[in-house]
Amino acid sequence: MGFFLETLLGGLMVGMLYSLIALGFVLIYKASGVFNFAQGAMVLFAALAMARFAEWLPGLTGLTTKWAVNVLAFAMAMAVMVALAWAIERLVLGKLVNQEGITLLMATLGITYFLDGFGQTLFGSDIYKIDIGMPKEPIFLFDKTFPGGVLVNKEDLYAALIAAALVALLSLFFQKTSTGRALRAVADDHQAAQSIGIPLGRIWVIVWSVAGFVALVAGVIWGSKLGVQFSLSLVALKALPVVILGGLTSVPGAIIGGLVIGVGEKLSEIYIGPMLGGGIEIWFAYVLALLFLLVRPQGLFGEKIIDRV
């Protein structure tokens, strides 16, 4: 039971990080009706900005305190992501208002490849380190209940708590604020939202900025764990099955989907992997998403849209 709980907790903590990245997909889809394939590239770009700014700032400013350098680097990286959101709205989305969904989808693919290339040009292509001071040593829980206790990595625990807090705040933002309601109105009908005075361009800048903030937090967490490298965008794409499972338009679905996939891939790798030769953790999420597409395409909490002709 102790080993099972250890695996379960590990899956929940990883799943919370998947949920955080998936939230970026959901936010943009709800506001613009487009599936943003650039979210993984945004995570990588934001993490690169944070890592490089934290590396450059001590030499430029003379700061030596780690927390001050990290806070300033985070603020500068966030400013870069807001500027990126403004540029995307002005140069891409603003030119494609009321276009077909496939047109917007191809636009996000173009943004993905641009960010991958521009990130290498601007920040370099080496592996960079982000050190935000999260503890690396493990702790043992329930040591009086189970022999040896349950081993939990402190870094994973703190990362999961940060992700959970951010997911909760963004959920409240979407449901309780006037800006959140405006985002939902834009998602339902662009033209109707414009007709009642909702500025479509400003709303898109806001939602892409929020998605950029989510990408930055996710990039900092994953970069602290794995190092900032170009495979980070592939890790971020693990959120694609999460949104398929939870539903493209559902914030609670992104949370539940992330937890289900995080737990599922850990348990399947430990308990089924030895019988199949291992490697289940790599493809589990995508196979589960495929099954959901066959049985329930709208996901667990997504809206089922019926077109009447």
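These notes cover the structure that comes with them. (Residues numbered from 1 in each chain as written. Predicted model: local features only at pLDDT ≥ 70, side-chain atom pairs only at ≥ 80, totals over all residues. Heavy atoms only, no water.)

Some words on the layout of surface pockets
So, point 1. Estimated volume of the second largest pocket: approximately 280 Å³.
So, point 2. Every residue lining the second largest pocket is counted, 16 residues in all, and those nearest its centre are Glu 6, Thr 7, Gly 10, Asp 156 and Lys 266.
So, point 3. Looking at the lining of the second largest pocket, the elements that each hand over two or more residues are helix H1 (2-32), strand S2 (150-153) and helix H11 (251-271).
So, point 4. Of the residues forming the lining of the second largest pocket, the biggest block, seven residues, is contributed by H1.
So, point 5. In the lining of the second largest pocket, the residues fall into eight nonpolar, three polar and five charged. (1 Å grid on protein atoms, 1.4 Å probe; cavity = no way out; pocket = protein on both sides within 12 Å on 5 of 7 lines; lining within 4 Å. Points joined across faces, edges and corners; volume = space filled by probe spheres on them. Helix = DSSP H or I, 4+ residues; strand = E, 2+ residues; numbered from the N terminus. Nonpolar A, V, L, I, M, F, W, Y, C, P; charged D, E, K, R; others polar.)

Some remarks on the packing of helix H10 (residues 239-246) against helix H13 (residues 280-295)
So, point 1. One way to put it is that H10 packs onto H13 with a least axis distance of 9 Å and a crossing angle of 30°. One element, H10, and the other, H13, form an angle in the roughly parallel class. Taken as a pair, H10 and H13 cross one another with a handedness that is left-handed. Counting all contacts with H10, which are made through Pro 241, Ile 244 and Leu 245, the residues of H13 involved are Ala 285, Tyr 286, Leu 288, Ala 289, Phe 292 and Leu 293. (Axes fitted to C-alpha atoms, helices over the stretch in contact; angles between N-to-C directions. Parallel < 35°, antiparallel > 145°, perpendicular 65-115°, else oblique. Left-handed = near helix turned anticlockwise from the far one by under 90°. Contact = heavy atoms within 4.5 Å.)

Topic: the packing of aromatic side chains
So, point 1. By the definition in use, this model includes eight aromatic pairs.
So, point 2. Both rings, one in Phe 45 and one in Phe 118, keep their centres 6.2 Å apart while their planes meet at 15°; by these two values the pair is stacked. With a gap of 73 residues between them, Phe 45 in helix H2 (residues 39-61) and Phe 118 in helix H4 (residues 101-123) connect regions that are remote in the sequence.
So, point 3. A residue is classified by how much of its surface remains accessible, and Phe 45, at 3% relative accessible area, is buried. (Phe/Tyr/Trp six-rings, centres within 6.5 Å; stacked < 30°, edge-to-face > 60°. Buried < 20%, exposed > 50% of the residue type's maximum accessible area, 1.4 Å probe, protein only.)

Focus: the pairing of S2
So, point 1. With burial as the criterion, only one face of S2 is covered, namely that bearing Val 150 and Val 152; the residues Leu 151 and Asn 153 on the opposite face remain uncovered.
So, point 2. Where strand S1 (residues 138-141) meets S2, four bridges bridge the pair, whose relative direction is antiparallel. For Phe 140, the partnering residue across the bridge sits in S2 and is Leu 151. (Pairing = 2+ DSSP bridges.)

Considering the side chain of Gln 39
So, point 1. On the secondary structure map, Gln 39 appears in helix H2.
So, point 2. When its relative accessible area of 0% is taken as the criterion, Gln 39 is described as buried.
So, point 3. Separated by 3.3 Å, the side chains of Gln 39 and Asn 36 make a polar contact.
So, point 4. In this view, Gln 39 contacts Ile 21, Gly 24, Phe 25, Ile 28, Ala 211 and Ala 215; residues no more than four positions away in its chain are not counted. (Polar contact = N/O pair within 3.5 Å; in protein donor to acceptor, adjacent residues only side chain to side chain.)

In short, geometric facts, not functional conclusions.
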